[in-house]
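Chain by chain, the residues:
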Amino acid sequence: MYAIEKELKILREFIRPEFINDLKKWKCYSEDEISAAEKRLHVKLPIPIRDIYRHMADLLVTSGYLRPLELLHCEGRYLGFFLSPGEGDIIGIQKRKTSGDLYTWEENDPKEMAWEYEDELETACEEEDEEGKRRAAEAYQKYWKRLNIPFIHAPLNVHKLERGPRFHRSLDGYGLFLAIHAIQEWEEMTRDEHTHEPTCLFSDFFPAEFSMEYFQNIADRIKDDFIPLSDHPELVDLGDFPLQMAYVHKDQKALLILGQEPVCFMLLTKTAAGSDLLEKVQEQTGLAFHVGFQEQAGRTGK
């Protein structure tokens with residue numbers, strides 16, 4: 001299991017300033033706040049999840065993929081951090097295991113009251129009401145503590161995630177996947193609002209009939225300027241697919257993210273993409289880049 005602080009810091013540089021303003025309801029957490037949560041839980045949090053709470057919590061909590069630190073609670077032998085995109089299942093670890101293996105389950109809330117405390121915390125955060133945040137978090141923790149009695153309360157349908165690439169089944173890879181996915185999602189939601197000097201461009205969709213050799217050629221050509229986001233490429237590996245989910249420019253002035261549904265590239269830059277960079281990326285990929293998605297008649301990324 002790897003630390004992912006370096007990768008998260010790189011990704012952070014490509015979150016547009018206007019998005020940061022939208023994320024102010026939630027925040028990233030300090031070491032002291034994380035240590036206090038560990039003391040409350042009687043669990044040392046794994047290094048990758050500590051990295052996430054320190055560097056990407058505001059984005060992931062706002063996106064609905066990460067539990068606020070104040071709401072972390074144990075369910076039997078399990079501790080859940082994430083909510084699976086599009087599914088809502090809880091994803092987390094088995095307590096005191098150091099492998100980084102992930103488990104998924106349905107949260108067992110027979111009284112169906114937890115959401116009320118979650119809403120109270122969110123409202124207090126919006127109003128910057130520190131006392132209200134404290135009360136809501138304490139009430140939430142007391143609620144789960146009463147439920148979490150051995151042999152009475154336990155998560156439902158627990159199973160270990162064991163198949164697929166590392167980002168499907170391990171804490172470090174999954175944390176990076178969620179951060180990349182959330183950045184991509186925010187850009188896609190606002191793709192029609194970019195200025196005439198955009199810092200986000202979308203490529204044409206890859207035609208479905210192209211072979212894996214075609215994608216391997218692209219992976220080979222972009223190596224001149226882009227390297228995998230992580231020094232541990234398996235963290236951003238897509239299994240048998242030749243391209244990885246994210247690359248950073250050798251000068252760290254651009255981020256190249258592979259969108260999967262449909263398959264296309266997203267090019268993020270810290271300032272408006274210069275013509276030299278854009279021309280080079282288009283030459284390497286063989287694809288045109290646009291401010292927003294272009295309708296591609298007869299094309300699909302499936």
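A few points on the structure. Predicted model, so just to flag it, every value in this text is computed and none were measured.

Counting its regular elements, the protein contains 11 helices and 11 strands. Radius of gyration (C-alpha) of the protein: 21 Å, near the 19 Å computed for a compact globule of 302 residues. Seen along its three principal axes, the alpha-carbon backbone of the protein occupies a region of about 60 × 40 × 35 Å. In the protein, buried positions account for 51% of the 302 residues. In the protein, of all internal contacts separated by at least 6 residues, the share reaching a separation of at least 24 is 67%. Here the protein displays about 15100 Å² of accessible surface, and carbon together with sulfur accounts for 48% of that area. Separation of charge centres in the protein, based on 37 positive and 56 negative side chains, amounts to 7 Å.

Looking now at the packing of aromatic side chains. Considering all chains together, one arrives at 12 aromatic pairs under this definition. Ring plane angle 45° and centroid distance 5.7 Å describe the contact between Tyr 174 and Phe 177, whose orientation is recorded as tilted. Of this pair, Tyr 174 and Phe 177 both sit in helix α9 (residues 171–189), three residues apart, which is roughly one turn of the helix. Phe 177 shares its class with Tyr 174; the two are buried.

With that out of the way, let us pick up the sheet that holds strand β5 (residues 156–160). Taken in spatial order, the five strands of this open sheet run β1-β2-β3-β4-β5, and their pairing is antiparallel. Among the strands making up the open sheet, the edge pair consists of β1 (74–75) and β5. As judged from the five bridges shared by strand β2 (residues 78–83) and strand β3 (residues 90–94), these two strands associate in the antiparallel manner. Within β3, the residue paired with Leu 79 across the bridge is Ile 93. Its contacts with the sheet place α9 against β2 and β3, and it is angled at close to 25° to β2.

The next thing to look at is the packing of helix α3 (residues 31–41) against helix α4 (residues 47–55). Closest axis-to-axis distance for the α3/α4 pair is 10 Å, and the angle between their directions is 135°. Classified by the angle between their axes, α3 and α4 sit oblique to one another. Both α3 and α4 take part in a crossing whose hand is right-handed. Across from Glu 31, Ile 34, Ser 35 and Glu 38 in α3, the residues of α4 making contact are Arg 50, Tyr 53 and Arg 54.

Now for the pattern of salt bridges. Two side chains that carry opposite charge are able to pair once their charged atoms sit near each other. Within this structure, the stated rule accounts for 22 salt bridges. Glu 130 is the salt-bridge partner of Lys 133, the closest N and O atoms lying 3.4 Å from each other. Of this pair, Lys 133 and Glu 130 both sit in helix α7 (residues 130–147), three residues apart, roughly one helical turn. Accessibility expressed as a relative area gives 53% for Glu 130, which makes it exposed. Through salt bridges that share partners, Glu 5, Lys 9, Glu 31, Glu 38, Lys 44, Arg 50, Asp 51 and Arg 54 make up one connected network.

This part is about the side chain of Gln 244. Position of Gln 244 relative to the elements: it lies in the loop between β7 (226–228) and β8 (246–249). A distance of 3.3 Å separates a polar atom in the side chain of Gln 244 from the backbone oxygen of Pro 233. Those residues in contact with Gln 244 that lie beyond four places of it in its chain are Pro 228, Pro 233, Val 236, Asp 237, Leu 238 and Leu 258.

Looking now at the sheet that holds strand β6 (residues 200–203). Read from one edge to the other, the open sheet built from six strands follows the order β7-β8-β9-β10-β6-β11, with strand pairing classed as antiparallel. Each edge of the open sheet carries a strand with a single partner, namely β7 and β11 (289–290). Relative to strand β10 (residues 263–269), β6 runs antiparallel, the two being bridged by three bridges. Among the inter-strand pairings, Cys 200 is bridged to a residue of β10, identified as Leu 268. Lying over the sheet, α9 contacts β6, β8, β9 (254–260) and β10, oriented at roughly 85° with respect to β10.

Regular strands place their side chains on alternate faces of the sheet. Of the strand pairs in this sheet, β3 and strand β4 (residues 103–106) are connected by three bridges, and their pairing is antiparallel. Following the sheet pairing, Gly 92 is matched in β4 by Tyr 103. Across three bridges, β4 lies against β5 in antiparallel orientation. Along β5, the bridge assignment pairs Thr 104 with His 159.

Judged by nonpolar contacts, the single largest core of 91 residues is most densely connected at Leu 11, Tyr 53, Leu 66, Phe 81, Phe 82, Phe 206 and Leu 243. Top contributing element to this core by residue count: α9, with 10 residues. Not counting residues up to four positions away in its chain, the partners in contact with Tyr 53 are Cys 28, Tyr 29, Ile 34, Leu 66, Arg 67, Pro 68, Leu 69, Leu 72 and Phe 81.

Turning our eyes to something else, we now look at helix α1 (residues 5–12). For α1, the full list of buried residues reads Glu 7, Leu 8, Ile 10 and Leu 11. All buried residues of α1 fall inside an arc of 160° around its axis, so they share one side. Looking at the buried residues of α1, the elements they touch are α4, α9, β8 and β9.

Definitions and cut-offs
Residues numbered from 1 in each chain as written. Predicted model: local features only at pLDDT ≥ 70, side-chain atom pairs only at ≥ 80, totals over all residues. Heavy atoms only, no water. Helix = DSSP H or I, 4+ residues; strand = E, 2+ residues; numbered from the N terminus. Rg over C-alpha atoms; globule rule 2.2 N^0.38 Å. Buried < 20%, exposed > 50% of the residue type's maximum accessible area, 1.4 Å probe, protein only. Contact = heavy atoms within 4.5 Å. Areas by Shrake-Rupley, 256 points an atom, 1.4 Å probe, with all protein chains shown as cover. Lys, Arg positive; Asp, Glu negative; His and termini not counted. Charge placed at Lys NZ, Arg CZ, Asp CG, Glu CD. Phe/Tyr/Trp six-rings, centres within 6.5 Å; stacked < 30°, edge-to-face > 60°. Pairing = 2+ DSSP bridges. Axes fitted to C-alpha atoms, helices over the stretch in contact; angles between N-to-C directions. Parallel < 35°, antiparallel > 145°, perpendicular 65-115°, else oblique. Left-handed = near helix turned anticlockwise from the far one by under 90°. Salt bridge = Lys/Arg side-chain N within 4 Å of Asp/Glu carboxyl O. Polar contact = N/O pair within 3.5 Å; in protein donor to acceptor, adjacent residues only side chain to side chain. Core = buried A, V, L, I, M, F, W, Y, C linked by side-chain atoms within 4.5 Å. Arc of directions from axis to C-beta.

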